[in-house]
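Okay, here's what each chain looks like letter by letter:
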Amino acid sequence: MKMTTETPGGDEFAALCRQAWDTLIPARAGYLANVSPHYDEVLHDVAQRTEHTGGLGKTDIAALVVWKRLSAQTRWVTDLMSLPDTHVRAVTERAVTAVRDTTLTRSQAARAGRGIIAELPGFHTGDALASAVLTAAAPQRMAVYDRRVQHALDTLGFTLTRAPGRYGRYMQLLDDLLKHGGARADGWTARDIDAALYWTGRPDPAPSR
């Protein structure tokens, strides 16, 4: 039976979360064994710059577009590049502050940051690039979402709809997985789970991310 992440709860949902770890643990091992340790260097570099500057500029976002292997031949890229970098940084600085706010739960912070970043072209819909930006802003707290993650969640029996606030609900689900993982979740971060979900949801065994 599928459980929706919009209305999780009860013993059945907890059991589903615990069952998911039977897939997540070997999936993360597969990811670590098959994906080059250098692949995420772009994300790490952007995260390090964001740590020092408190925001992301157009160059940082462009790097994340390449990291996520998204198309740059779209109208939103032109619109974003037409904005002053100072404006882009002003928006992302607010988003960075939101996702780093420890007075908020992880899902609340994710929802707040996602709402702010939506002010920029290319971030109104879809969560792949937005989640990459927010993860670079708070790599120890946030996680990446994309179509592979969505496919993995579907496979594991969770339903995450496209309704507004999806990224916040996704982060709540990762919290639920960590909560119900018991000793098996020790040492895991939300980012570790997203890597395991990515590997689970990949369309083929090609070792790329």
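What counts and how
- Every residue gets a number counted from 1 within its own chain, in the order that chain's sequence is written.
- Note on the predicted model: pLDDT of at least 70 is required for a residue's local features to be given, and 80 or more for side-chain atom pairs to be given and counted; whole-chain, interface and lining totals, by contrast, use all residues.
- Water and hydrogen atoms were dropped before computing side-chain values, which therefore reflect all heavy atoms in the structure.
- Going along the chain from the N terminus, every DSSP run of H or I of four or more residues is numbered as a helix, and every run of E of two or more is numbered as a strand.
- Values of the radius of gyration come from C-alpha atoms, whereas the globule rule sets the reference at 2.2 Å times the count of residues to the power 0.38.
- Per-residue accessibility, obtained with a 1.4 Å probe over protein chains only, is compared with the maximum for each type, and a residue is labelled buried under 20%, exposed over 50%, and partly exposed between these values.
- Note on contacts: a residue pair qualifies if any of its non-hydrogen atoms lie within 4.5 Å across the two residues.
- Note on areas: these come from Shrake-Rupley sampling with a 1.4 Å probe, and a residue is covered only by the protein chains present in the view.
- Here Asp and Glu are counted as negative and Lys and Arg as positive; His is not counted, and neither are the chain ends.
- Where a charge sits is defined by one atom per residue type, namely NZ (Lys), CZ (Arg), CG (Asp) or CD (Glu).
- Centre distance within 6.5 Å is the pairing criterion for rings of Phe, Tyr and Trp, where only the six-membered ring of Trp is used; planes under 30 degrees apart are then read as stacked, over 60 as edge-to-face, and the remainder as tilted.
- Either the NZ atom of lysine or the CZ atom of arginine qualifies as a charge over a ring when it sits within 6 Å of the ring centre and within 35 degrees of the ring normal.
- Here a salt bridge means any side-chain nitrogen of Lys or Arg lying within 4 Å of a carboxyl oxygen belonging to Asp or Glu.
- All axes here are fitted lines through C-alpha atoms, helices being fitted over the stretch that makes contact, and every angle between N-to-C directions spans 0 to 180 degrees.
- Working definition: roughly parallel below 35 degrees, roughly antiparallel above 145 degrees, roughly perpendicular at 65 to 115 degrees, and oblique for all remaining angles.
- Asp, Glu, Lys and Arg are counted as charged, while Ala, Val, Leu, Ile, Met, Phe, Trp, Tyr, Cys and Pro are counted as nonpolar; the rest, among them Gly, fall into the polar class.
- Note on terminology: a nonpolar core comprises buried Ala, Val, Leu, Ile, Met, Phe, Trp, Tyr and Cys residues joined through side-chain atoms within 4.5 Å.
- Between N or O atoms, a polar contact is any pair within 3.5 Å; within protein, one atom must be a potential hydrogen donor and the other a potential acceptor, and residues adjacent in sequence are included only when both atoms are from side chains.
- Whether a crossing is left-handed or right-handed is set by the direction in which the near helix is turned from the far one by less than a right angle, anticlockwise for left-handed and clockwise for right-handed.

1. Structural notes on the overall build of the protein
And step 1. Helix and strand counts for the protein come out as 10 helices and 2 strands.
And step 2. Element order for the protein, N to C, with α for helix and β for strand: β-α-α-α-α-α-α-α-α-β-α-α.
And step 3. A globule of 209 residues ought to have a C-alpha radius of gyration of about 17 Å, and the protein, at 17 Å, matches this closely.
And step 4. With the C-alpha coordinates aligned to their principal axes, the bounding extent of the protein is approximately 50 × 35 × 30 Å.
And step 5. Classification of the 209 residues of the protein by burial places 49% in the buried group.
And step 6. Within the protein, contacts between residues at least 6 apart in sequence are counted, and of these 71% link residues at least 24 apart.
And step 7. Accessible surface for the protein amounts to roughly 9900 Å². Of this, 55% is attributable to carbon and sulfur atoms.
And step 8. Computing the positive centroid from 25 side-chain charges and the negative centroid from 23, the protein places the two 3 Å apart.

2. Remarks on the packing of aromatic side chains
Two numbers describe a pair of aromatic rings. These are the distance of the centres and the angle of the planes.
And step 1. Applying the stated rule across the entire model yields 7 aromatic pairs.
And step 2. Here Tyr-31 and Trp-199 contribute two aromatic rings whose centre-to-centre distance is 6.5 Å and whose plane-to-plane angle is 85°, an arrangement assigned as edge-to-face. Pair noted here: Tyr-31 is in helix 1 (residues 10-34) and Trp-199 is in helix 10 (residues 190-201), with a separation of 168 residues, a long-range link.
And step 3. Between Tyr-145 and Tyr-170, the aromatic rings sit 5.4 Å apart at their centres with planes inclined by 70°, giving edge-to-face as the arrangement. Of this pair, Tyr-145 sits in the loop between helix 7 (128-137) and helix 8 (147-156) while Tyr-170 sits in helix 9 (residues 166-180), placing them 25 residues apart in sequence. Of the two residues, Tyr-145 and Tyr-170, both sit in the buried class.
And step 4. Positioned over the ring face of Trp-188 is Arg-28, at 5.1 Å from the centre of the ring.
And step 5. In this structure, Lys-68 packs its charged tip against the face of Trp-67, placed 5.7 Å from the ring centre.

3. Let's talk about the pattern of salt bridges
Between side chains of opposite charge, pairing is possible as soon as their charged atoms come close.
And step 1. All chains considered together, the criterion is met by 15 salt bridges.
And step 2. Where Arg-89 meets Asp-60, a salt bridge forms, and the shortest distance between an N and an O atom there is 3.7 Å. Within this pair, whereas Arg-89 is found in helix 5 (residues 85-99), its partner Asp-60 is found in helix 3 (residues 58-67), the two being separated by 29 residues in sequence.

4. Structural notes on the packing of helix 8 against helix 10
And step 1. Look at helix 8 against helix 10: their axes get within 7 Å of each other, and the N-to-C directions meet at 80°. With respect to each other, helix 8 and helix 10 are oriented roughly perpendicular. Taken together, the residues of helix 10 that come into contact with helix 8 (itself represented by Arg-148, Val-149, His-151, Ala-152, Leu-153 and Leu-156) are Asp-194, Leu-197, Tyr-198, Thr-200 and Gly-201.
And step 2. Considering only residue class, the contact of helix 8 with helix 10 consists of 6 nonpolar, 3 polar and 2 charged.

5. Quick word on the nonpolar core
And step 1. Within the largest apolar cluster, 65 residues are counted, with the highest numbers of intra-cluster contacts made by Leu-24, Leu-64, Phe-158, Tyr-170, Leu-177 and Leu-197.
And step 2. By residue number, the principal contributor to this core is helix 1, which donates 8 residues.
And step 3. In this view, Leu-24 contacts Leu-156, Leu-177, Trp-188, Ile-193, Ala-196 and Leu-197; residues no more than four positions away in its chain are not counted.

6. Focus on the side chain of Asp-60
And step 1. Taking relative accessible area as the criterion, Asp-60 reaches 4% and is therefore assigned buried.
And step 2. There is a polar contact of 3.0 Å between the side chain of Asp-60 and the backbone nitrogen of Gly-57.

7. A look at the packing of helix 6 (residues 106-117) against helix 9
And step 1. Where helix 6 meets helix 9, the axes come as close as 8 Å, and the angle between the chain directions of the two elements is 160°. Regarding the angle of helix 6 to helix 9, the classification is roughly antiparallel. Like other packed secondary-structure pairs, helix 6 and helix 9 cross with a definite hand, here right-handed. Touching Arg-106, Ser-107, Ala-110, Arg-111 and Arg-114 of helix 6 are Tyr-167, Gly-168, Arg-169, Met-171, Gln-172, Asp-175 and Leu-178, all from helix 9.
And step 2. Tallied by class, residues from the contact of helix 6 with helix 9 come to 4 nonpolar, 3 polar and 5 charged.

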